[in-house]
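Residues per chain, in single letters:
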Amino acid sequence: MSGQPLRWGILGTAKIAVNSVIPGIKSSKSGTVAAIASRDGEKAKQKAEQLGIPKAYGSYEALLADPDIDAVYIPLPNHLHMPWTIKAAEAGKHVLCEKPIALNAAEAERMEQACRDAGVVLAEAFMYRHHPRYKRIREIVQSGEIGDIRGIHGTFTFNNSADKTNIRCKVEWGGGSVYDVGCYPISAARYVLGQEPVAATAHAFFSEEHGGVDMMASGLVEFEGGVALTFDCGMWAASRNTLEIVGTIGRIEVPSAFVAPPGKGNFVVITKEGRREEAVPDINQYSAQADAFAAAVRGEPQPFPPSDAVRNMRVIDAVLRSARERIRVEL
C-alpha cells in the first residue's frame, strides 16, 4: 500500500465508530473509509450515506469478501471481538479491534496467533496512547524530574445507569466497567512505568439491576518496588477521566487523561520549582491511531503490538477474578 491510502472497512455501526473512529480515519493522513457493514442492510446504507462512505454491506461476511478492503475496524460487543478478528485475518484483512481486545487473555492470544499466521497486523484501539502527550509524560518520568515513582492513580467513570438494555449490561457479552473503562488506567500505568504488574486486588459493585455486571470497581494493581496503581472505574458515577503520577519530589496531573476533547490535551507538572502546564499539540487521537496503524501495515514497528494487548488482558482477568472472589490475585 506504499503511497496509497489504507482502505478501511467498518464492521458495525456502533457509536464509537460513527462518532469518533470513522471521522478520525477520514481526517487521517493515511486512510480512507471504503465500506461499512451491519447485519441490518438498511442501517448500513443509512450510515454510509450519512458519513459519505462509498459501500454498504448487509453482512460482515460480505465486507470481508471485498478485495478492495485492506483493513477492518471492529467496534462490535466484546464477546464478538475474537471470532470476527479471526475471520478478518483469515480473509487477509489487517485488524484494529476496539478495547478490550477480548474477554480474557486466552482469547487475545488466539487472536494474536491467528493474525500472525495470516500475516496481518492486529492492534487494540486504545486511541489515547497515540496522543504525543503520553510520550512526553513518560519522558518526564524517565528524566527523574518528579523523582522516583511512588504511585499512580487513575479514574474513568460515567453514568449510563438509566440504559439498562445497553450492551455494557450483559455479562455474557463482556459488560461491566472494568472491561469498558477500567482497562484504560491499567494500560496507562503499564505504559508509564514500562513494566508489568505482579498482583491485583479489586472490589466491585455488581448491580442486579444491570444484568449483574460491575457498575463500579476500585482496584489496587501492584508493581515491583512497592509501586502501585490505584484506580476506580464506573458506569454509575459522575464523569471523570484523570491520571495522577506521584513521585518523591513532584507529580504529574492529567485532567482529561483518556478522552481529550479539542483543547483539553495539556497536562500539569508540579515540583518544588513550581507548577507548569505542558502544552501539547491539539490533535485528533483517533486520526493519530489510524496513522500509526497504517504505518505498521507498511512495515514499521508497532508501538503497541498485540502482545501488549495480551498482557493487559492478563491484568484485567486478575482484577475481575479478585472482585468476584474477593481475593488478591498474583500475576
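Ile 245 and Ile 252 are the most contacted members of the largest nonpolar core, which totals 111 residues. Here this core takes 11 residues from helix H7 (residues 177-193), the largest share from any one element. Dropping the residues within four chain positions of it, Ile 252 is found in contact with Ile 137, Ile 140, Val 141, Ile 146, Leu 243, Glu 244, Ile 245, Phe 267, Val 268 and Val 269.

Attention now moves to unusual backbone geometry. Of the consecutive residues Lys 99 and Pro 100, the connecting peptide bond is found in the cis state with omega at -15 degrees. Topologically, Pro 100 is positioned in the loop between strand E5 (94-98) and helix H5 (105-118). Phi at Arg 326 takes a positive value of approximately 55 degrees, unusual for a residue other than glycine. Residue position: Arg 326 is located in the loop between helix H9 (306-325) and strand E15 (329-330). Since its relative accessible area comes to 65%, Arg 326 is described here as exposed.

Our next topic: the side chain of Thr 157. Inspection of the secondary structure assignment puts Thr 157 in strand E7 (residues 149-159). From its side chain, Thr 157 meets the backbone oxygen of Ala 238 in a polar contact 2.5 Å long.

Cut-offs used in this document
- Residues numbered from 1 in each chain as written.
- Predicted model: local features only at pLDDT ≥ 70, side-chain atom pairs only at ≥ 80, totals over all residues.
- Heavy atoms only, no water.
- Core = buried A, V, L, I, M, F, W, Y, C linked by side-chain atoms within 4.5 Å.
- Buried < 20%, exposed > 50% of the residue type's maximum accessible area, 1.4 Å probe, protein only.
- Helix = DSSP H or I, 4+ residues; strand = E, 2+ residues; numbered from the N terminus.
- Contact = heavy atoms within 4.5 Å.
- Polar contact = N/O pair within 3.5 Å; in protein donor to acceptor, adjacent residues only side chain to side chain.

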